[in-house]
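Structural features, examined
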Amino acid sequence: MTEAALGAQAGRTGLWRLPFALRSPAGPRGRLTVLIFHRVHAVLDTMFPNEVHARSFRERLEWIRAWFNILPLDDAVRALSAGTIPERAASITFDDGYADNVEIALPILRELRLPATFFIATGFLNGGRMWNDSVIEAVRKTALPHLDLTALGLNVYHLGSDESRRRAIQSILSGIKYRGPSAREEAVAHLVENARVCVPDDLMMSTDYVRTLAAAGMGIGAHTDSHPILCALDDAAAHREMAKSREVLEGIVHQPVRLFAYPNGKPDVDYRKRHTEIARKLGFAAAFSTAPGAAGRNHLPYELPRFTPWDQTRVRWAVRLFRNLKLPVNTASQ
């Protein structure tokens, strides 16, 4: 049956499980779809209307609960390796450690009885703030009609509307994302100072929030300490970042932290093979990228893919996930 025919049948009958079961069977030929989220806003963010908020998050969870067998990520990794994974297997993950993951997402997950794993950058716990959020909030909150960032090698940004602010944010983020950690920090500090605003310090989790997740049966994973681009670091610094986040988290939850997610996560751009070897030597059971695809039994265990559709409708989400299951598996033999 063709992809178009499968989609048409699913659309008529509501049996989206059939296309997913054909691409993601049980057993040794099974595939694992790992979904990735970041923030879950309480209400629609008019600056970024396509980002997930409470209502749209619940809606998407209801879709995937109907289509997939949702497994705790550590269980799914073990079952995938053993060749015992159920059909239509999927897991839910979050990156970075935003407070709204506990305040907004966790109650919805618990209500729907769905497990998730939270990859937390430990350096931002208890009042820290990620550099990209400093950029977003500075541009969002400034009362200035424009920002002149030519001293940073960027542009003059006019801020007359949500759309112009959104374009400015995207341009600034792209312009400083791959600078070294100290240069990026200096650029962000310059931006915040010139925007003449106070940026919020309550966006990220507290240690108590991490304990709340663990007590609720959610998985806790490492995501480095300061969320650097690992390719910008030497191997010793990358090792420290990866090891410290696990050490801090294990000290908070008093249980092993066996899973790791690469910051940003694009292969050969944000991390390279040497970082997968660091993850292996540190004793992580698996590590996750943000490359699209669904993992198979022979997938490289320290480069497992994650993917979430960006579409806004149920049908488009389902079709996108089905296509994601068609991508080839990156195995050790390739």
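Residues numbered from 1 in each chain as written. Predicted model: local features only at pLDDT ≥ 70, side-chain atom pairs only at ≥ 80, totals over all residues. Heavy atoms only, no water.

Another point: the environment of N126. Tracing the backbone shows N126 in the loop between β4 (117-120) and α6 (131-141). Each C-alpha atom of the pair N126 and I169 lies 25 Å from the other, and the pair is 43 residues apart in sequence. Among residues more than four places away in sequence, those in contact with N126 are M205, S206 and T207. Polar side-chain contacts of N126 include one of 3.1 Å to the backbone nitrogen of T207. (Helix = DSSP H or I, 4+ residues; strand = E, 2+ residues; numbered from the N terminus. Contact = heavy atoms within 4.5 Å. Polar contact = N/O pair within 3.5 Å; in protein donor to acceptor, adjacent residues only side chain to side chain.)

This part takes up the confidence of the model for the chain. Across the chain, the average pLDDT comes to 93, with 94% of residues at or above 70. Confidence over residues 6-13 falls short of pLDDT 50; this stretch has twelve contacts with residues more than four positions distant or in other chains. (pLDDT = per-residue confidence, 0-100.)

Here the focus is the pattern of salt bridges. Enumeration according to the criterion identifies 16 salt bridges in this entry. In this structure, E87 engages R88 in a salt bridge whose closest nitrogen and oxygen atoms are separated by 3.2 Å. Judged by relative accessible area, which is 32%, E87 ranks as partly exposed. With its nearest N and O atoms 2.6 Å apart, the salt bridge here joins K273 to E303. Within this pair, whereas K273 is found in helix α11 (residues 273-281), its partner E303 is found in the loop between β10 (295-296) and α12 (314-324), the two being separated by 30 residues in sequence. Where salt bridges share partners, they join D45, E137 and R140 into one cluster. (Salt bridge = Lys/Arg side-chain N within 4 Å of Asp/Glu carboxyl O. Buried < 20%, exposed > 50% of the residue type's maximum accessible area, 1.4 Å probe, protein only.)

Mapping D133 onto the fold places it in helix α6. At 4.8 Å, R39 is the nearest oppositely charged side chain to D133, a buried residue that forms no salt bridge. In terms of polar contacts, D133 uses its side chain to reach the side chain of Y98, at 2.6 Å. Setting aside chain neighbours within four positions, we find D133 in contact with Y98, L203 and M204. (Lys, Arg positive; Asp, Glu negative; His and termini not counted.)

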